Structure formats: structure tokens, C-alpha cells
Amino acid sequence: MKVDLKIRLPGLLVMVLAVVTVSGCIGTVVPPPSVSPSPSATSPSAPEASLRWAKTMGGNGFDVFNSVALAPNGDIIAVGWTTSTDGDFPAKIYPQGGNAVVTRLSPDGTKLWARTYGGNNGSSFASVVVSADGSIFAVGQASPKGDFNCDFGGAAMGQAAVKLDADGKIAWSRCFTASSFGVYDFVSLSSVAVASDGIYLAGKTVVSLSPGPSGSMNAGLVVKLDLDGNLVWFRIYDADAQDSFAAVTVDQQSDVIVAGATAPGNGPMDDQGNPDGLVVVYDSSGHQAWARTYGGSGLDGFTALTLGSDKKIVVAGFTTSEDGDFSTQPDGTGIGGVIAGLAMDGSLDWSTICTDSQFTSIHSAADNHFVATGITWVSNGASPDPGSGSLPFDQSALVLKVTSSGVVEWSANLITTPVYFASVAVTADGAATVVGTTSLTTGAMACPADNSRSCAVVATFYR
């Protein structure tokens, strides 16, 4: 089975915003060993969510939001990158390759401020979190000099963790290259979490015994900084040469939980060497408590992670397996979005598979339910010529809320519009605030009139 996991923008601009409900999400509760398995059940069509408001932002270039978090007062903090030199984002001092952007909006979507940050080459933020005192922590790609004051020793770019105050002013920035962690070639930091004892980062690196591609392997990377940004410890997870971490969080016991993907896979069932979903837990000192993989004979991976109030770990991502842990994936559908609930020892409690989808972000709600966002698609009947670049499906954004056992409570599917959500946060009243990018020209999510490419979008859905 060959599945193309690349996210691509359709060339067609759809002139209306279509919101339809989602069906085809199949849930399974995993019973204790002494209990007979419950049959899998397909959730009925979920009620349709409503769009409370939407705001698009941008200028004469490409504008993207990659991550969102809520401040203690309910304000929305969105981060990403921009190549615009006008419009909603300030004119850039360092335009080459684009700049990292942070925007603060009120709970009703009013822009309070926007800041861009850059250096000699491209910069961008991949993840953001807000602490209880309102400080903003972001992580992503940085270029030398400039606003982050990074010195990468001749390298064109590296990674940076940044603390901002409530007005977006840089309090401190810490810069990293692969050599910061005793490895060569490459490092990427894609997720950030904050706790009372420090800041935690997660991503991946390429590990080599010597510079160059020979003998290199992908490895998961988790990093702890103190609250002043000083390096406390880091751990490299390189069990099988194909490991990576995509998300990190910290529980009330200061255990550090990371999720991602690993290969060759899930024991004897995976004889194809395909990746499996991976969850690893470390204590606050960096000692590994446990690591488990999840999946089957297809491709499986986790891209998002959150915690429930019932001491459950909830992960989200994708699967192409039709056996193993995600055997409810229907035959012949290709890829399905997976949300799974795990006990704190890593055992699988339940999973929900939504066909023709994959999830990019998940967040817990006050009622111990969970809101996820990602991508979904439908066939457009096309049979593209090889190498033509056209796709046999139309894809767009998906938002849904599931209960603490994985039953879909409500959903919004924006097929077939060019709208893509990368991250979700949940408001106090249970609404989903999502961020991403769009190239719509009309409707609630239309880009500014002078934007001819794509613009950043923030929207809130509720039921």
C-alpha cells in the first residue's frame, strides 16, 4: 500500500464556505483481558457545528498560522510565519525567506497586536503555549542574528525557543543547532509545553557518528529548559533509526509525555517495516519511565497529544493499518484519522477512526471531552496523469469534538473549500478556536481583498 501523506493546496478557489457533518468515524473500546471484546460501532452522523466567527489576516505574500493557545484572560495567541510586507503584519526588516509572526486577538477575534521576528534567512514559529502568568513561549526555526540574536556558527539557520511578554516583546531567546545536543546534521523543534519547573520542547534530529549522511538516523528529541531558558537536560530517543517526536505535554506529577512515530513497527504483525505511533514518558529529571508503540501493518503515527482530567493520555494522528491496534480502519480507504485514549501506563483504552482524514491537533475541554482538527478529503473522480501534480480528491479542514470514550459529539467538515486548520484550542464554554490558512475569496473566511495568494485564518466553532 502506498499512501501520499503530503498536504497540498488545491488550485481551485471555491467561492462559498461549505460546512457538512461527518459520518464514518468508527470507535472501539478495548476491554480488560477478562472481558469479551465489544463490537465496533460506527458513530451516527454527528450534529453540525456552527461557525461563531472567523477572521483572516495577511498581506501581499503567504501568511500561515501553525499553532494557537489561549491566554488566562481568554485572549487568542496565534503563531506561524509570513512573507507579507504589508497588510495585517508589520513591514519586515528581514524579508528574505519570511518572518515568524505572533498575533494576539481578543476572544471575539479583534486584533490587539501582531509582531514579526526574523533574521538573515527564513524564520517561523511551529508551536506556542501560554503560562499561568500570561507569558508566551514559542518554538520554531530561526535564522542568524536579527531579532533572536542567534549565532549558529556559520549555519544558515537553526532552532530557537523564545519567551515573550503579554505584549509580544522578547524577554529571552535561546538558539539551538544539532551540535547543541551532541549530534550532527539537523535538528527540528516542533512542540513546546510549560510547567511550574520549566519549559519542555520536542522534535527530532538526525544522529550520525560523524558529519555527513553516512550512518545517519532519525531520532526523537526532548529538551528541558528552566524558566529562564537555560538548558537543564535533553534526551535523544533512537530506538530504531526512524524515530521522531511531534508533540509534548506535562502532567500534574511533572511527568513529560511525548508522542510521535517510530519504525519498524508493532511487533510481528508489522512485517513491512512501516512506522507506528509512539508514546514515551520521562520523569522531570529525564529518566524514561516507559515507551510503547501503537499500530499495525500499515503506516501509523501520532501528531498531537493532550491530557484528560481523568488521568488519560489522548493522542491523535493517522493510520493506514487495517489490523493491529487500529483494526477498525475499513478496508480500502487508504488513510484514516485516529484519536486514541491511553491509560497512564500506556495501555490502549479506546480508539476512534475517521475515514479519509488525518488529525493535526487535539485539545481537552473542561467537560473532559476533546476537540481535534485536521484534514479530510473526498474523491473528485479525477484520474490524473502521472507527474501532472493534480490530485484525485478535494481536501479541506475538519473539526470535531469527541467524548471521553471517543464518541463523536459534533463536527464541522469544510469540504471542498481551500481552508486548512493546523491547531486547536478550547475556550471555557467548550468552543473550538482553530488556526491555519485559507485562499478563499468570498464568505466568512475570505482573505483580505489585496491578498492574491493565501492568508492566515482564525475561527471559532461551537455547538
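From a predicted model like this one, the values you see are computed outputs, not experimental measurements.

Caption draft 1: Looking closely at the packing of aromatic side chains. By the definition in use, this model includes 11 aromatic pairs. Seen in terms of ring centroids, Phe-176 and Phe-181 are 5.5 Å apart; in terms of plane orientation they differ by 25 degrees. Their pairing is stacked. The pair formed by Phe-176 and Phe-181 is uniform in burial state, with each residue classed as buried. A ring pair is formed by Tyr-237 and Phe-245, whose centres lie 5.9 Å apart and whose planes are at 45 degrees; its orientation type is tilted. A residue is classified by how much of its surface remains accessible, and Tyr-237, at 13% relative accessible area, is buried. Taking the relative accessible area as the measure of exposure, Phe-245 reaches 3% and is therefore buried. Through pairs of rings, three or more aromatic residues link up here, namely Tyr-117, Phe-125 and Phe-148. Over the ring of Tyr-462 we find Arg-52, and its NZ or CZ is 4.5 Å from the ring centre.

Caption draft 2: Representation of the pairing of strand β5 (residues 76-82) in the model. Here β5 lies mainly inside the structure; 6 of its 7 residues are buried. Sheet topology note: the strand β4 (residues 63-70)/β5 ladder contains 7 bridges and is antiparallel. Residue pairing across strands places Val-64 opposite Trp-81, the latter belonging to β5. Between the end of β4 and the start of β5, which pair antiparallel, lie 5 residues, with Gly-74 showing a positive phi angle near 95 degrees. By the bridge criterion, 7 bridges tie β5 to strand β6 (residues 99-105) in an arrangement that is antiparallel. From the neighbouring strand, Ala-78 faces β6, where its bridge partner is Thr-103.

Caption draft 3: Summary view of the state of the cysteines. The tally for this structure, following the rule as stated, stands at 3 disulfides. Linked covalently through their sulfurs, Cys-447 and Cys-455 form a disulfide whose S-S length is 2.2 Å. Where Cys-447 bonds to Cys-455 through sulfur, the torsion about that S-S bond is close to -90 degrees, and the disulfide is left-handed. Each member of the pair, Cys-447 as well as Cys-455, carries the same accessibility label: buried. For the protein, the bonded cysteines pair up as 1-4, 2-3, 5-6 when numbered in the order they occur along the sequence.

Caption draft 4: Here's a closer look at the confidence of the model for the protein. On average, residues of the protein carry a pLDDT of 84, and 83% of them reach 70 or more. Note on residues 1-21: pLDDT under 50 across the span, and 52 contacts to partners over four residues away in sequence or across chains. Within the model, the stretch residues 32-42 combines pLDDT values under 50 with 12 contacts to residues more than four positions away or in other chains.

Caption draft 5: Local environment of the pattern of salt bridges. Per the counting criterion, the structure on display carries 5 salt bridges. When the shortest N-O distance is used, the salt bridge between Asp-429 and Arg-52 registers 3.1 Å. Taken together, the residues span a long stretch of sequence, with Asp-429 in the loop between β28 (419-426) and β29 (432-438) and Arg-52 in strand β3 (residues 50-57) at a distance of 377 residues.

Caption draft 6: Up close: the nonpolar core. One finds Val-102, Phe-125, Val-128, Ile-136 and Phe-148 to be the most contacted residues of the largest nonpolar core, which totals 20 residues. Sorting the residues of this core by element identifies β5, β6, β7 (111-117), β8 (124-130), β9 (136-142) and β10 (158-164) as the ones contributing at least two each. With residues up to four places along the chain from it excluded, the contact list for Val-128 reads Ser-67, Val-68, Ala-69, Ile-77, Val-79, Ile-136, Phe-137, Ala-138 and Val-192.

Criteria and thresholds
- Residues numbered from 1 in each chain as written.
- Predicted model: local features only at pLDDT ≥ 70, side-chain atom pairs only at ≥ 80, totals over all residues.
- Heavy atoms only, no water.
- Phe/Tyr/Trp six-rings, centres within 6.5 Å; stacked < 30°, edge-to-face > 60°.
- Buried < 20%, exposed > 50% of the residue type's maximum accessible area, 1.4 Å probe, protein only.
- Lys NZ or Arg CZ within 6 Å of the ring centre and 35° of its normal.
- Helix = DSSP H or I, 4+ residues; strand = E, 2+ residues; numbered from the N terminus.
- Pairing = 2+ DSSP bridges.
- Disulfide = S-S within 2.5 Å.
- pLDDT = per-residue confidence, 0-100.
- Contact = heavy atoms within 4.5 Å.
- Salt bridge = Lys/Arg side-chain N within 4 Å of Asp/Glu carboxyl O.
- Core = buried A, V, L, I, M, F, W, Y, C linked by side-chain atoms within 4.5 Å.

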